[in-house]
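Chains, contacts and geometry: an overview
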Amino acid sequence: KGQTEAPKIDVEIIEQTWFNSDSLLHHVAVLSSDVYEGRRTGTDGAAQAKSYIIKQFKNLNIEPLYENYNQDFSFDKRGQTYQASNVLGWIKGSKSPENYIVLSAHYDHEGIKNDKIYNGADDDASGISALFAFAEYFKENPPKHSVVFAAVDAEELGLVGSKYFVENSIVPIQDIKLNLNMDMISRSDKSELFVIGSRYYKALEPAIKSFKSSENMTLLIGHDGSDGKQNWTNSSDHASFHKANIPFLYFGVEDHKDYHQPTDDFENIHPNFYQNAVVAIITVFNALDNMEL
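It should be emphasised that the depicted structure is a prediction, and the values quoted were computed from it without experimental measurement. (Residues numbered from 1 in each chain as written. Predicted model: local features only at pLDDT ≥ 70, side-chain atom pairs only at ≥ 80, totals over all residues. Heavy atoms only, no water.)

**Focus: unusual backbone geometry**
Most peptide bonds take the trans configuration, and most residues that are not glycine carry a negative phi. How we decide: Counting from the N terminus, the helices are DSSP H or I runs at least four residues long and the strands are E runs at least two residues long.
Each neighbour pair has its own omega, and for Asp 123 with Asp 124 the value is 0°, a cis peptide bond. Relative to the assigned elements, Asp 124 resides in helix 3 (residues 121–140). Notably, Glu 37 is not glycine yet its phi reads approximately 50°, a positive angle. Here Glu 37 is to be found in the loop between helix 1 (21–31) and helix 2 (44–59). A positive phi angle is found at Asn 61, which is not glycine, with a value near 65°. Checked against the element boundaries, Asn 61 lands in the loop between helix 2 and strand 1 (63–64).

Here it is in C-alpha cells:
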C-alpha cells in the first residue's frame, strides 16, 4: 500500500510495439496507490492525481486544450459544493484536423469511507493509463483526426465532468464526431471486453469487427439494452456524448467482486488481459480513424 512503483508481477508481455506495457501497468499502480486517497472529487488526493495526469500529458507531447490543461468547474450535490476539474489535452490530426475524436476516462473515484481507501485501480485508473498508451502510440502513428484526451472528473458523482465538457466545449460541438470512453478495462475472469454503442450508431460496427478476438481476449458487442444483460448505455461518461447526439463507443468489463470496494487494488487487475484490451481499443480506433466520420 502507498507504493509509487509498480509491484513486480510476472507478466507475459504481448507482442506489440504500440505502447510500453510496463508503463501501462506502472501508471495504474501509481494512481491507485494509497497516496492518492481514492481520488475523491475535490480532495487533495484528486488534486494530486490531476497533477500526475498533467505531468504525463506534457511528457507525451499532448498539447493543452485549455490553459494548463484545466477545465475547472463547480457543482452542488446533496447540499455540498464541489470544486472539480477536467484535464484536457489534444493532438492535431494529420488529415482531418477540423474533426475531433474524444478519448475519455474518469480519474475520480470513491475516496475514503469508514477509514478505508477505495483506490479504484480498475475503476478507472485503468482507463486513464490507457489514455497515456494512446499518446505513446500516436508518436509513431499520428491520428488522421484531431484527438482530444479527456481525463474527466466527478464521474462517480453523476457523470458531472463529462456533462460539463460537452455543454461547455471549447471545440465546436458539431466538430466532435465520436467519443471513445474507457471505464474499467483491466480485469475479466472470462477475458471478455464489452463494447457498447453500435446499436445506436450502426456505422461503427465494422470498426469493432476489425479486431479479431482470440483465446487471449474476446471483444463482444453487448450490454446495450438489446440482449437482456445490464444496460450500460447511460452507465459512464459516454452517456453525456450520447445525449448530445455524438456517436460513442464505450469499452468496459462486467462488474467484479471488487467493484466499488476498497479491494479494487492494482494487485487484483489482470495484466495480460489489460494489455490485450488496450490493443483491442487502439485497433478499433484505427479503423474509425480511417473512416469518414
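**Notes on the pattern of salt bridges**
The test is simple: Salt bridge, as used here: a side-chain nitrogen of Lys or Arg that lies within 4 Å of a carboxyl oxygen of Asp or Glu. Buried, partly exposed and exposed residues are distinguished by accessible area as a fraction of the type maximum, computed with a 1.4 Å probe on protein chains only: under 20%, between the cut-offs, and over 50%, respectively.
Tallied over the entire structure, the rule returns four salt bridges. The salt bridge partner of Lys 113 is Glu 110, with a shortest N-O separation of 2.6 Å. You can call Lys 113 partly exposed: its relative accessible area is 33%. Owing to a relative accessible area of 9%, Glu 110 belongs among the buried residues under this scheme. Salt bridges sharing common partners tie together Arg 187, Lys 257 and Asp 258.

**Some remarks on the packing of helix 3 against helix 7 (residues 271–289)**
As a reminder, the rule being used: Here an angle of 0 to 180 degrees is reported between the N-to-C directions of two axes, which are lines fitted to C-alpha atoms, with helices fitted over the stretch in contact. Here roughly perpendicular refers to angles of 65 to 115 degrees, roughly parallel to angles under 35, roughly antiparallel to angles over 145, and oblique to all remaining angles. By definition, turning the near helix anticlockwise from the far helix through less than a right angle yields a left-handed crossing, and turning it clockwise yields a right-handed one. Any two residues having at least one pair of non-hydrogen atoms within 4.5 Å are treated as being in contact. Amino acids are sorted into nonpolar (Ala, Val, Leu, Ile, Met, Phe, Trp, Tyr, Cys and Pro), charged (Asp, Glu, Lys and Arg) and polar (every other residue, Gly among them).
Across the interface, helix 3 lies against helix 7 with an axial gap of 11 Å and an inter-helix angle of 55°. Classified by the angle their axes make, helix 3 and helix 7 are oblique. Considering only the axes of helix 3 and helix 7, their crossing is right-handed. Along its contact with helix 3, which presents Ala 125, Ser 126, Ser 129, Ala 130, Ala 133, Phe 134, Tyr 137 and Phe 138, the element helix 7 presents Tyr 274, Val 278, Ile 281, Ile 282, Phe 285 and Asn 286. Taken together, the residues of the contact of helix 3 with helix 7 break down into 11 nonpolar, three polar and no charged.

**Thoughts on the confidence of the model for the chain**
Interpretation of the predicted coordinates at a detailed level should be avoided for regions scoring low in pLDDT. Rule in force here: The predictor attaches a confidence to each residue, and that confidence, scored 0 to 100, is pLDDT.
Taken over all residues, the pLDDT of the chain has a mean of 94, while the share at 70 or more is 95%. Every residue in residues 1–14 scores below 50 in pLDDT, and together they form 34 contacts with partners more than four places removed in sequence or on other chains.

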